[in-house]
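Now for the letters of each chain:
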Amino acid sequence: MSVYTPVTHAELERWLGRYSLGALESFEPIQAGIENSNYFVNTTQGRYVLTLFERLPAHELPFYLGLMSHLARHGIPAPAPIADVADRTLSELAGKPAALVTRLPGRSREDPGEAECAALGALLARMHLAARTYAAYLENPRGPKWWRFAADAVAPFLDATKKDLLERELAFQAGQRYPDLPRGPVHADLFRDNALFEGERLCGVIDFYFAGVDCLLYDVAVCANDWCLGAEGALDPARVRALLAAYHAARPLGAAERAAWPAQLRAAALRFWLSRLYDLHLPRPGMLVHAHDPEHFRGILESRARMAPPWLG
């Protein structure tokens, strides 16, 4: 969540006039992330998050907002998009597509333990089960087609060793087929900073703007690669098993998913290595921009490629 597009108090006040949310009290930019412009917005009737979409294709936006609405209606603690008086959840502000969603309580956990990983696994499974009845479709926008596009774009910036690692991993992933894996809408970016806790309770999941349809196991792998890290990019077995066991209790993981687990972890690491390389070497101008170090996920990818990952005990 970065800020690329500035919004003035007068602009926001006029834009909020199309909602029944009371008067604007205050707003402030959210200074983390790299994709969209985001603001906390307080009115006399509540607290919200405003997002101005910087580069997501317009045809994808209804999928994300619809998914959040669907999950919130099914009891998942996801932000609920707010409709204006014309019943629109998407309009334009400062020349960009914009949406307003409820602001959830809680704070992210920088150093999650087994209990937090178990809470995540249980909620992730509930999300996947609830999303089964969401009718809209959008292929994972950061899936294999995007990997090849991004790889070609960042290749001129890589040394021979990194190019070799990238090409070998792309070739490995091209050889993977998952006809028997359950698929459906996935969050695809559920890092620690996108989950909110109040005390020991996981009370919110935010930032669905990388969501799409993919293997459900891929979503679990994305989480494991961030929530369950041990030393030098390796996975911590206890936290992985806590995550998987809690997930399995709500949506049992089958033999095909067990067989695909190592490759899915590698796919998740490749996706985020590529996105961080892309954002580092091909940045966009912005007021507040936070690019993450791609070396972090290069190390994770190398670790996943050489070590058998833990599974359910």
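Residues numbered from 1 in each chain as written. Predicted model: local features only at pLDDT ≥ 70, side-chain atom pairs only at ≥ 80, totals over all residues. Heavy atoms only, no water.

1. Things to note about the pattern of salt bridges
Here is step 1 of the chain: With the rule as written, the count across this model stands at 19 salt bridges.
Here is step 2 of the chain: Between Asp 279 and Arg 55 there is a salt bridge; the shortest N-O distance is 3.3 Å. Within this pair, whereas Asp 279 is found in helix α8 (residues 255-281), its partner Arg 55 is found in the loop between β3 (46-52) and α2 (61-73), the two being separated by 224 residues in sequence.
Here is step 3 of the chain: On the basis of relative accessible area, Arg 55 is assigned to the partly exposed category, the value being 30%.
Here is step 4 of the chain: Here Glu 295 and Arg 298 are joined by a salt bridge, their closest N and O atoms 2.6 Å apart. Of this pair, Glu 295 and Arg 298 both sit in helix α9 (residues 294-306), 3 residues apart, roughly one helical turn.
Here is step 5 of the chain: The exposure class of Glu 295 is partly exposed, given its relative accessible area of 29%.
Here is step 6 of the chain: Salt bridges linked by common partners bring Glu 35, Arg 55, Arg 142 and Asp 279 together as one network. (Salt bridge = Lys/Arg side-chain N within 4 Å of Asp/Glu carboxyl O. Helix = DSSP H or I, 4+ residues; strand = E, 2+ residues; numbered from the N terminus. Buried < 20%, exposed > 50% of the residue type's maximum accessible area, 1.4 Å probe, protein only.)

2. A short note on the sheet that holds strand β2 (residues 37-43)
Here is step 1 of the chain: Pairing in this open sheet of 5 strands is antiparallel, and the strands run β1-β2-β3-β5-β4 from one edge to the other. Edge positions in the open sheet fall to β1 (24-29) and β4 (91-93), since each of these has one partner strand only. Strand-to-strand twist across the sheet, computed as the mean angle between neighbouring axes with direction ignored, equals 35°.
Here is step 2 of the chain: Sheet topology note: the β3/strand β5 (residues 96-102) ladder contains 5 bridges and is antiparallel. (Pairing = 2+ DSSP bridges. Axes fitted to C-alpha atoms, helices over the stretch in contact; angles between N-to-C directions.)

3. Here's the deal with the packing of aromatic side chains
Here is step 1 of the chain: If you walk through the whole model with that rule in mind, you get 13 aromatic pairs.
Here is step 2 of the chain: Each ring, one from Trp 15 and one from Tyr 19, has its centre 5.1 Å from the other, and the planes form 50°; the classification is tilted.
Here is step 3 of the chain: Assessed through its relative accessible area of 2%, Trp 15 is described here as buried.
Here is step 4 of the chain: Here Tyr 19 falls in the buried class, since its relative accessible area comes to 6%.
Here is step 5 of the chain: Feature note: the residues Phe 53, Phe 63, Tyr 64, Tyr 134 and Tyr 209 constitute an aromatic cluster, connected by ring pairs.
Here is step 6 of the chain: Here the guanidinium or amino end of Arg 103 rests over the ring plane of Phe 40, the centre of that ring lying 3.6 Å away.
Here is step 7 of the chain: The ring of Phe 172 carries Arg 266 above its face, with NZ or CZ at 3.6 Å from the centroid. (Phe/Tyr/Trp six-rings, centres within 6.5 Å; stacked < 30°, edge-to-face > 60°. Lys NZ or Arg CZ within 6 Å of the ring centre and 35° of its normal.)

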